[in-house]
Structure formats: C-alpha cells, structure tokens
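Examination of the molecular architecture
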Amino acid sequence: MTSRPPLHCLRCARAAEGFAGCRTCAAEGIGVNTMPPLADLAGADLAGYPGGPWGLPTALPVSGPPVTLGEGNTPCIRLRTGPERPQDGASAGELWLKYEGGNPTGSHKDRAMAVGVAAAVTAGAGTVVAASSGNAGAAAAAYAARAGVRCVVFTNEKVPAGLRAQIDALGAERRVHPGSTAARNAAMAEAVEEHHWYPLTSYSSPSPGGNPYANEGYKSVAYELARDFAGRRIDVVVVPTSRADLLAGIGRGFRELAAAGLIAHEPRLVAAEPSAAEPSAAAPFTAALRCPDRADQERTRVAARPTVAFSLGEERPCWQGLDALWRTAGTAVALDDEAIGAERRRLAAQGLILEPSSAVGSAVARDLARTPGTLVVAIGTATGLKGLAG
C-alpha cells in the first residue's frame, strides 16, 4: 500500500483525511471538498502533451501504475452560431464544443474514474463504489473491470435503460434504491463505513463533491484546451454543473497552467444549470450568485426539482464550484427544459447527439458567443446515444 498526497480543505485550509469533505465546514452546513496540493507544471511541454489524465502523470496524486482505456484527447468541434458557415465572416464570436462523449464510456466521467480507480488500487482497495444517475456508474464499472477490482454502483429506479444496461454489461453490481438521491447516498455511506469500500463519488451531506484524487483527472480538460488553442485566448469555458467536480477540476488545471507560465490568461468559468418551473429550482449556483455576500452564497439552498437534465440539480452549491467561479470572475446561468430541448435539436442539426445535461452547457455558451471577437468553449459532457430508444 502506497501513501497518498495529503488533503486540505479548500475553504478553511485544515488538513483532512478521508473522502467525506471537511467536517469542520460541514458542521457549519457548508459542503467543502478537501484536495491535494496543486501540481507544479514548470517545464511541461504542452506542444508534446499527448492528452488525457496520464499525459502528464506527475500532475496526478497517484504513484501506482495507470488504469486506462485511452480516455481524453477528445475533439474540439466548432459550432455554427447562425445560418452562416463557420468560416464565413466574423459577425459573432466563436463557439466551440469540447466533445467528452468521445471518451471510452461516452462521458467526461472517464477522466475521473481512470484516476480514481488507479488511486484505489494503489491504496489496496478490493472494492470500489459509486453513487450515480448513470454516467459515473458506467465509467466506474469500466475502469474497475480494467483494473480487475469489484465495483458496486448505487442507483435509483430513474436511471435510463441504456445506462443500466451499460453498467450491467461491464460487470458492476448495481444496487437500486428507490426514492431520493439522499437515500441512495446514505446507503453508499453506510457501505463505505461498514465495509471500507473505496468511494469514487460523493456520498456525504452536505455534499462536498466527489473523490478528490479522482477529480484531478478533470484537470486534463484544461491542459488539452490550452494545447489545442495554443496562441489564442479562450475567453469563457462553460461547464454543465451539479456538484462542480468537473468545473472545479478544469479551474484547477487552468490555475496550474497559469502558475507555470504556460498560459497568459485563465478563462472565465461559467456554470450551466437546468432550472425547473419554480425560479432557480435545481439551480443552486445561479441562485447563490444573486446574493451580494459570499457568506450568503455559500449557504444558499434551493428546492431540488426534476428537469430533463436528469443528472444535474442539487439543493446546495458545492463550495468547490463557488471557489472556481469566484477565482475567475465567473457566473452561473440556468435554462429551462424548453431551451435545453431546442439546443439539442440545434446540435442534432449539426451532426451531434448530446444528452440533455450536455446541451445545457452549449445553450448557455451559444448566447455568450454572440459577442464579436469572443472565443467560448462549451464542455459537451456526454453523448446522447445512451438515451435513444432501441
């Protein structure tokens, strides 16, 4: 068993252990993730960076061998912002989609699960566990199978059939807990505490976010964007956001790049959220940033309501996401089901099938890219193929 890098609370800087977040901040009702130190990228060569989490292995908090299925290095696709072809004129800014559906199991979760399962193996774990509405469970199952370890996925009855089939086909043990996400997470927490299974996702309340070692895999999205847009300024990166693991990971990646002098400017980050019929329901970051005081922002609560973007939606903003937005003068935007559906149709007309949670990001980014001279990148988190009827 190999030692792991130390963790510290992002908010209060206290040293921490385990994967339940900072207990001191949780006592205040604020879910804050604990993270390893930022990596030093001095001397890294982005031009020669092959992509993916393992392309810069010294940037990861894992000392053991990689667990990989070839994740990362996903394409950036320029989207039309109007009737004109992309190469015609400069009537608006540029809108690009970083298509994470190109990962082995079809979502951005592969980046985290590759690193998380490798960390679990290094720690001597025999069973990994995830609580998931679908994509995280499928990725956990795939990388556990690759590593030869047991995988248990806690889900509910609302997981789409395609995702259930993917989890089952990959050999994971799927445990269905009807009802709320809180009940599902409580069952996972009990399993972690009683059986000492290695948790790959969030399970505590208030949620701090996912496994901090696994989340370091998301930094590679920033590295790839910096490489692919070398010499160009990315103004905004829009990220579909729930517990902000991806948002925070991308933010950490850009911070590391800037500290090493590999980029001159950190892009502004924008959290894209779904909104139910009630104002701000299911959109805690949007609601939080309406408060002028940060102390009120980090204590915001909204009503969780179902939306078409079934994998997004929380009652509280995870602090790691607020931190990423604060650091880049970012913001959050919420869209309703009608706007998300319209964006899915626009994407399909350009040859792309994305799940609703992904379309939230490109819809928000589309509006931001209306400003001439602006370069906006939306993170297309997952393919929509899993949700198509057979």
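Residues numbered from 1 in each chain as written. Predicted model: local features only at pLDDT ≥ 70, side-chain atom pairs only at ≥ 80, totals over all residues. Heavy atoms only, no water.

Topic: the domain arrangement of the chain
- The domain boundaries assigned to the chain delineate domain 1 (76-106 + 214-388) and domain 2 (109-210).
- In this structure, domain 1 and domain 2 have C-alpha centres spaced 24 Å apart.
- Counting residues at the interface gives 23 residues for domain 1, matched by 25 residues for domain 2.
- Summed over both partners, the interface of domain 1 with domain 2 comes to about 2,000 Å²; 49% of that surface belongs to carbon and sulfur atoms.
- On the domain 1 side of the interface with domain 2, the three residues burying the most area are Thr105, Arg243 and Lys386, jointly 33% of the side's total.
- Here domain 1 and domain 2 share 2 salt bridges between them. (Domains from an automatic or database assignment. Contact = heavy atoms within 4.5 Å. Buried area = accessible area lost by both parts, 1.4 Å probe. Salt bridge = Lys/Arg side-chain N within 4 Å of Asp/Glu carboxyl O.)

Points about the pairing of strand β10 (residues 236-240)
- Counting buried residues along β10, 5 of its 5 residues qualify, which places the element largely inside the surrounding structure.
- Both faces of β10 are covered, namely the face carrying Val236, Val238 and Pro240 and the face carrying Val237 and Val239.
- Judged from the 5 bridges that link them, β10 and strand β11 (residues 268-274) form a sheet pairing that is parallel. Its bridge partner lying in β11, Val239 is registered against Ala271.
- Each parallel crossover has a hand, and for β10 linked through helix α8 (residues 245-259) to β11 it is right-handed. (Buried < 20%, exposed > 50% of the residue type's maximum accessible area, 1.4 Å probe, protein only. Helix = DSSP H or I, 4+ residues; strand = E, 2+ residues; numbered from the N terminus. Pairing = 2+ DSSP bridges. Right-handed = clockwise from strand over helix to strand, strands pointing away.)

Section: the sheet that holds strand β8 (residues 173-176)
- The 4 strands are arranged β8-β7-β6-β9 in an open sheet whose pairing can be described as parallel. Of all the strands in the sheet, just β8 and β9 (198-199) have a single pairing partner and so form its edges.
- Summarising the sheet, strand β6 (residues 127-131) and strand β7 (residues 150-155) pair through 5 bridges and their orientation is parallel. Across the sheet, the residue bridging to Thr127 is Arg150, located in β7.
- Sheet strands touched by helix α5 (residues 181-195): β6, β7 and β9. Its angle to β6, the strand with the most contacts, is close to 160°. (Axes fitted to C-alpha atoms, helices over the stretch in contact; angles between N-to-C directions.)

So, helix α11 (residues 319-327)
- Counted residue by residue, α11 has 8 buried out of 9 residues, so it is predominantly covered.
- Contacts made by the buried residues of α11 are with α6 (212-215), α8, β11, α9 (284-288), α10 (294-297) and β12 (331-335).
- Phi for Ala329, located one or two positions after α11, is positive at around 55°.

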